[in-house]
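Structural features, examined
Chain by chain, the residues run as shown.
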Amino acid sequence: MKITASKSRNNISALAKQEERWAWLFVAPAVIGFLCFMAYPIIFTFIASMTTWNGTNNMFDHFVGLSNYVRLFGDAKFWKTLTTTIIYLLGIPIGMILGLLLALGMNRKLPGVRVLRTMYYVPVISSLVAVSILWAWIYNYDYGLLNTIIKILTGKNGPNWLGDQVLIKVSMIIFMVWKGLGTSIILYLAGLQSIPKNYYEAADIDGANAWQKFRNVTLPLISPITFYILITTLIGGFQVFVEVDVMTTNGGVGYSAATIVYYLYNKAFKNAQMGYACSIAVILTIIILVITAINFKQQNKWVKTMD
């Protein structure tokens, strides 16, 4: 009996080791991908941020410690572009509210609703460069579609949407909301359709009206969707670049439309200040991590699940 038990343990041990080897084999691609495309670039960027590397010289021969960070915090353009980036984030709640309202409308059995859903999602899958060029034409002061309509209706010339330091920010926010609206609609629509009908039936029995059902049933049960949209759009909002690069000239009048990533790009690839650009990237990463961590910390206070 002892010999049989010993053989059994050896067989189990061998099987366990074999399963472990297969487990590591399946996990390896993800781990290698993370090390090569996430961990290595992060470490490299942090090291480069403490040098005056220009992309061609020997990075380790130009170590300057924290000098780039000291210079960065005194850089007026850095603070201006960071402020502009934060202003653009005001479009996030606007897009979420519009997306929810449109999703509520599309959740009804209306004729042509499938075509409508497709139309709203087309901007999401369209080339960002292409739609940026399209909106630059719409906003054009001399012959743009928007000012042409304004002149037909009022007889007066429309404003210089991309030539005014305030209006250019409003114009960019409108464009960004339009571009991301389809994603919010689809996600909210999926969330609305996953809510069991018995919740609404129970609310009807309790005598709840439409607003009370929306506030006490719909909003809490789609809060995980809201949280997901909030996190992903915040991360994406801090990385706006293409829109500014395509729709403006040198970041707009007085650099009024430039974002922090646009500034980073100019420092890295136009001014050949790779080390300084890396310090901007490190600070941007820290900002995104802190904001994301705060949101995850606070989610238990308002994100509900269907238990």
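Scope of this entry: the structure provided in the associated data block. (Residues numbered from 1 in each chain as written. Predicted model: local features only at pLDDT ≥ 70, side-chain atom pairs only at ≥ 80, totals over all residues. Heavy atoms only, no water.)

1. Topic: the overall build of the protein chain
In terms of helices and strands, the protein chain carries 14 helices and zero strands. Computed over the C-alpha atoms, the radius of gyration of the protein chain is 26 Å, more than 25% above the 19 Å expected from 2.2 N^0.38 for a compact globule of 307 residues. Overall, the protein chain is about 100 × 75 × 35 Å in size when its C-alpha atoms are taken along their principal axes. A burial count over the protein chain gives 36% of its 307 residues as buried. Counting contacts in the protein chain only where the partners sit at least 6 residues apart, residues at least 24 apart contribute 66% of the total. Summed over its atoms, the accessible surface of the protein chain is roughly 18800 Å², and 68% of this surface lies on carbon and sulfur atoms. Positive and negative side-chain charges in the protein chain, numbering 24 and 12 respectively, have mean positions lying 3 Å apart. (Helix = DSSP H or I, 4+ residues; strand = E, 2+ residues; numbered from the N terminus. Rg over C-alpha atoms; globule rule 2.2 N^0.38 Å. Buried < 20%, exposed > 50% of the residue type's maximum accessible area, 1.4 Å probe, protein only. Contact = heavy atoms within 4.5 Å. Areas by Shrake-Rupley, 256 points an atom, 1.4 Å probe, with all protein chains shown as cover. Lys, Arg positive; Asp, Glu negative; His and termini not counted. Charge placed at Lys NZ, Arg CZ, Asp CG, Glu CD.)

2. Here we look at the environment of M38
Checked against the element boundaries, M38 lands in helix α1 (residues 2–48). What makes M38 partly exposed here is its relative accessible area of 45%. With 252 residues separating them along the chain, M38 and V290 place their C-alpha atoms 18 Å apart.

3. Regarding the nonpolar core
Judged by nonpolar contacts, the single largest core of 67 residues is most densely connected at F78, Y88, Y188, M247, I260 and I280. At eleven residues, the largest contribution of residues to this core is made by helix α8 (residues 167–193). For I260, the contacting residues outside a window of four places in its chain are F78, T81, L82, T85, F238, I280 and L284. (Core = buried A, V, L, I, M, F, W, Y, C linked by side-chain atoms within 4.5 Å.)

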